Amino acid sequence: MNIGSFKLVNGQLLGSVATLTVDLPRLGLRPVESANEKAPAFEIMALNVARKWVQIGALWEMTSNSTGEVFYNGRMEDPSLNEPLPVMLFGDDEDGYRMVWNRPQARR
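Since the model is a prediction, treat every value here as computed from it, not as a measurement. (Residues numbered from 1 in each chain as written. Predicted model: local features only at pLDDT ≥ 70, side-chain atom pairs only at ≥ 80, totals over all residues. Heavy atoms only, no water.)

Caption draft 1: Broad picture of the sheet that holds strand β2 (residues 12-18). Around the barrel, which closes on itself, the eight strands sit in the order β1-β2-β3-β4-β5-β6-β7-β8 with antiparallel pairing between neighbours. Taking each pair of neighbouring strands and ignoring which way they run, the sheet shows an average axis angle of 30°. Bridge analysis of strand β5 (residues 53-63) against strand β6 (residues 70-76) gives seven bridges, and the strand direction is antiparallel. Residue pairing across strands places M62 opposite F71, the latter belonging to β6. (Pairing = 2+ DSSP bridges. Helix = DSSP H or I, 4+ residues; strand = E, 2+ residues; numbered from the N terminus. Axes fitted to C-alpha atoms, helices over the stretch in contact; angles between N-to-C directions.)

Put into structure tokens, the structure is as follows:
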């Protein structure tokens, strides 16, 4: 399910996420610079009511086994949420990105 979108604006990835109970109108994706191969590609930042940017999640770069497409997988988390929100990001800098959510499947 698509829950948000991001576009490159003046060199920054900015966007929003909205669901029935979550409305985050001002989000940014801050690139992470790290030599650690396990570090995330982006930190998910939100503009809070005091107009300060706060980290609410992270995204790691992944590659689809079937198509070779690069996408980002991670989660958003905040004390106001009942549980972390698992998200994926698909797209590119030119056409923009869409954020999707899928209900986690129970392990068998």
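Caption draft 2: Quick look at the nonpolar core. Grouped together as the largest cluster of nonpolar side chains are 19 residues, with contacts concentrated most on L29, L59, M76, V87, L89 and M99. Within the residue set of this core, elements represented by two or more residues are β1 (2-9), β2, β3 (23-31), β4 (42-47), β5, β6, β7 (85-92) and β8 (96-100). For M76, the contacting residues outside a window of four places in its chain are V17, L24, I44, I56, G57, L81, P84, L85, V87 and M99. (Core = buried A, V, L, I, M, F, W, Y, C linked by side-chain atoms within 4.5 Å. Buried < 20%, exposed > 50% of the residue type's maximum accessible area, 1.4 Å probe, protein only. Contact = heavy atoms within 4.5 Å.)

Caption draft 3: Structural detail: a negative patch on the surface. Among the surface-exposed residues, D92, D93, E94 and D95 lie close enough to one another that they form a single negatively charged patch. By the secondary structure assignment, D92 is in strand β7. Judged by its relative accessible area of 32%, D92 falls in the partly exposed class. (Patch = residues over 30% accessible without salt bridge, like charges linked within 9 Å, V, L, I, M, F, W, Y side chains within 5 Å. Areas by Shrake-Rupley, 256 points an atom, 1.4 Å probe, with all protein chains shown as cover. Salt bridge = Lys/Arg side-chain N within 4 Å of Asp/Glu carboxyl O. Lys, Arg positive; Asp, Glu negative; His and termini not counted. Charge placed at Lys NZ, Arg CZ, Asp CG, Glu CD.)

Caption draft 4: Examining the side chain of S64 more closely. With respect to the helices and strands, the residue S64 is situated in the loop between β5 and β6. One polar contact links S64 to S66, side chain to side chain, over a distance of 3.2 Å. Of note is the side chain of S64, whose polar atom sits 3.2 Å from the side chain of T67. Not counting residues within four places of it along the chain, the set of residues in contact with S64 comprises E69 and F71. (Polar contact = N/O pair within 3.5 Å; in protein donor to acceptor, adjacent residues only side chain to side chain.)

Caption draft 5: Representation of the environment of N2. You can see N2 is positioned in strand β1. Sequence-wise, N2 and V49 are 47 residues apart; in three dimensions their C-alpha atoms are separated by 25 Å.

Caption draft 6: The arrangement of the pairing of β4 in detail. Counting buried residues along β4, five of its six residues qualify, which places the element largely inside the surrounding structure. Note: β4 against β5, six bridges, orientation antiparallel. In the strand pairing of β5, A46 is matched with V54.

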